[in-house]
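Chain and residue survey
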Amino acid sequence: MTQPHVSSHPDKLKFITDEKARLEREGLLIRIRTIESPQGAWITVDGKKVLNLCSNNYLGFANHPQLKDAAKRAIDAYGVGPAAVRTIAGNTVLHNELEEKLARFKGVEATIAYQSGFNSNLATIPALVGKDDLVFSDELNHASIIDGCRLSGAPIIRFDHCNPKSLEEKLKEHAPAAHGKRALVITDGVFSMDGDIAPLARIVEVAEGFGALIMVDDAHGEGVLGTNGRGAVDHFKMHGRVDVEVGTLSKAFGVVGGFVAGTKVIIDHLRQKGRPFLFSSALTPADVAACSAAVDILEASDDLVQKLWTNTRYFKSKMRAAGFDTGRSETPITPIMLGDAKMAQQFSRRLFEEGVFAMAIGFPTVPIGKARIRVMISATHSEEDLNLGVEKFVHVGKELKVI
Ligand SMILES: *Cc1c(COP(=O)(O)O)cnc(C)c1O
């Protein structure tokens with residue numbers, strides 16, 4: 001076997017080893033675990049069977065028999081790879097079918113599917129605004145929104161988190177229309193680290209008053225909020241008033257990919273202008289077919305969504321009764337606020353030893369001093385699973401003197 005080549009000028013890489021040492025010192029170095037089983041309430045991690053409290057597999061679709069069957073049939077019919085970007089080599093009928101199904105599900109004219117939710121933001125924001133325009137962005141918006149805004153070149157005006165009043169003040173102060181600029185207001189539907197919901201109705205009213213384009217990234221709202229999991233816009237009955245909804249197919253939908261929902265005018269524009277659409281290959285037939293099956297299941301029944309919420313209410317009330325601080329969460333995303341990043345890492349490590357997989361989250365994903373364990377509730381959990389989770393949290397919490 002050949003040995004890998006090592007750098008002949010290691011000094012050039014000192015900035016990397018220094019940074020790694022710093023992350024380690026501050027309890028911020030990320031260690032990636034290896035999963036050796038399908039996703040579910042219980043998974044095998046680094047050789048150990050543990051209760052899974054950290055996946056975005058809200059509805060259990062990541063290992064759902066109907067999705068797996070659809071993916072297998074798609075592979076038999078269309079093979080494994082898309083072979084190129086869609087604008088050059090075309091796409092399968094499955095891609096068109098998924099986009100049509102998603103449009104019906106979301107109650108919009110059209111949708112466009114991308115390779116990920118992250119790409120959906122990178123594709124969409126620069127297609128809507130440029131350096132002469134303005135973006136108004138919630139200060140806690142997801143990293144992919146921030147990167148999409150940066151790519152657009154438009155100045156980014158941050159408004160206070162979930163604060164329509166602050167948005168209004170910023171819009172007044174910058175008076176985009178008066179200066180002939182387009183304004184784009186962007187918010188997460190559900191905030192991924194705190195689990196709180198954007199006050200969408202008020203944000204839309206404010207933005208409409210200034211003629212701004214309105215975009216919601218609903219990665220954690222899809223499959224969770226609204227009728228049969230139709231998302232935040234449905235939850236707030238804001239149909240037709242949000243110009244662009246970004247969704248992901250990799251969380252509640254259980255597969256991988258992202259999409260944008262909106263009017264035909266906007267979606268057609270994104271097919272011409274979205275760079276990750278024009279310059280990166282399509283989702284595979286198996287991904288697309290599995291996502292289509294997920295939409296079918298959601299259309300047919302809200303049982304899984306209801307189970308998700310029953311589990312969420314049950315777990316949160318038990319954790320609060322035990323003395324844990326669950327922050328401002330209103331959704332299945334349940335942060336257990338601990339403050340110190342090293343404490344959060346130690347807590348997570350002890351939970352793992354006790355057979356519970358729940359990850360510590362620290363800076364830069366959340367602000368310094370706001371480290372936490374982020375528990376993700378799923379419809380796949382049974383009541384016994386949740387009881388066990390609470391019991392282990394209490395055990396470790398007492399040991400580390402958190403409660
Ligand atoms: C997870 C997430 C994304 C990225 O979605 P992927 O499909 O995993 O790329 C985008 N926006 C928000 C708000 C998210 O939470």
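Note that this is a predicted model, so its numbers are computed, not measured.

**Notes on the sheet that holds strand 10 (residues 333-339)**
- An order of 10-13-12 is seen for the three strands of this open sheet, with the pairing classed as antiparallel. Where the open sheet ends on each side, the last strands, each with one partner, are strand 10 and strand 12 (360-361).
- Sheet topology places strand 10 next to strand 13 (residues 371-376); six bridges connect them, and they run antiparallel. Its bridge partner being in strand 13, G339 is matched across the sheet by A371.
- Sitting on the sheet, helix 14 (residues 341-353) touches strand 10, strand 12 and strand 13, and the angle it makes with strand 13 is about 40 degrees.

**Notes on the environment of R241**
- Secondary-structure assignment places R241 in the loop between helix 9 (232-235) and strand 8 (244-248).
- Remark: the alpha-carbon pair of R241 and P126, spanning 115 residues in sequence, is separated by 21 Å.
- Residues within four places of R241 in sequence aside, it is in contact with V204, E205, E208 and I214.
- At a separation of 2.8 Å, a polar atom in the side chain of R241 contacts the side chain of E208.

**Examining the pattern of salt bridges**
- The tally for this structure, following the rule as stated, stands at 27 salt bridges.
- A salt bridge links R328 to D194; the nearest nitrogen and oxygen atoms lie 3.2 Å apart. Of this pair, R328 sits in the loop between helix 13 (303-321) and strand 10 while D194 sits in the loop between strand 6 (183-188) and helix 8 (200-209), and the two are 134 residues apart along the sequence.
- We classify D194 as buried; its relative accessible area is 10%.

**So, the packing of aromatic side chains**
- The full count for this structure, using the stated rule, is seven aromatic pairs.
- Summarising the aromatic geometry, the rings of F352 and F357 are spaced 6.1 Å apart at their centres and angled 70 degrees between planes, so their arrangement reads as edge-to-face.
- Judged by relative accessible area, which is 10%, F352 ranks as buried.
- Joined through ring pairs, the aromatic side chains of F105, F253 and F259 make up one cluster.
- Taking NZ or CZ as reference, R33 lies 3.8 Å from the ring centre of F352, over its face.
- The cationic tip of K48 hangs over the ring face of F352; the distance from NZ or CZ to the ring centre is 5.7 Å.

**Thoughts on the domain arrangement of the protein chain**
- Taken domain by domain, the protein chain comprises domain 1 (26-55 + 303-399) and domain 2 (65-300).
- Contacts between domain 1 and domain 2 engage 17 residues on the former and 18 residues on the latter.
- Carbon and sulfur atoms make up 62% of the surface buried where domain 1 meets domain 2, a total of about 1,300 Å² over both sides.
- Sorting the residues of domain 1 by area buried against domain 2 places V305, R328 and I333 first, and these three jointly supply 38% of that buried surface.

**Observations concerning the site of the ligand**
- Close to the ligand lie 14 residues, the nearest being G117, D217, T248, S250 and K251.
- D217 places a polar side-chain atom, nitrogen or oxygen, 2.5 Å from a nitrogen atom of the ligand.
- Separating an oxygen atom of the ligand from a side-chain N or O atom of T248 is a distance of 2.6 Å.
- Coverage of the ligand by the protein chains reaches 86% of its 390 Å² of free accessible surface.
- Here the shell around the ligand is built from residues that sort into two nonpolar, nine polar and three charged.

**Re helix 13**
- In this model, helix 13 (19 residues) spans 27 Å end to end at C-alpha, consistent with the 27 Å of a helix rising 1.5 Å per residue.
- Listing the buried residues of helix 13 in full gives V305, L308, W309, N311, T312, F315, K316 and M319. Each buried residue of helix 13 sits inside an arc of 165 degrees when the element is viewed along its axis, so together they form one side. For helix 13, the exposed residues lying more than 90 degrees away from the buried face are D303, R313 and A321.
- The inward-facing, buried residues of helix 13 abut helix 12 (285-300), strand 10, strand 13 and helix 15 (383-399).
- Just past helix 13, the residue G323 takes up positive phi, approximately 100 degrees.

Parameters and conventions
Residues numbered from 1 in each chain as written. Predicted model: local features only at pLDDT ≥ 70, side-chain atom pairs only at ≥ 80, totals over all residues. Heavy atoms only, no water. Pairing = 2+ DSSP bridges. Helix = DSSP H or I, 4+ residues; strand = E, 2+ residues; numbered from the N terminus. Contact = heavy atoms within 4.5 Å. Axes fitted to C-alpha atoms, helices over the stretch in contact; angles between N-to-C directions. Polar contact = N/O pair within 3.5 Å; in protein donor to acceptor, adjacent residues only side chain to side chain. Salt bridge = Lys/Arg side-chain N within 4 Å of Asp/Glu carboxyl O. Buried < 20%, exposed > 50% of the residue type's maximum accessible area, 1.4 Å probe, protein only. Phe/Tyr/Trp six-rings, centres within 6.5 Å; stacked < 30°, edge-to-face > 60°. Lys NZ or Arg CZ within 6 Å of the ring centre and 35° of its normal. Domains from an automatic or database assignment. Buried area = accessible area lost by both parts, 1.4 Å probe. Near = heavy atom within 4 Å. Areas by Shrake-Rupley, 256 points an atom, 1.4 Å probe, with all protein chains shown as cover. Nonpolar A, V, L, I, M, F, W, Y, C, P; charged D, E, K, R; others polar. Expected span 1.5 Å × (residues − 1). Arc of directions from axis to C-beta.

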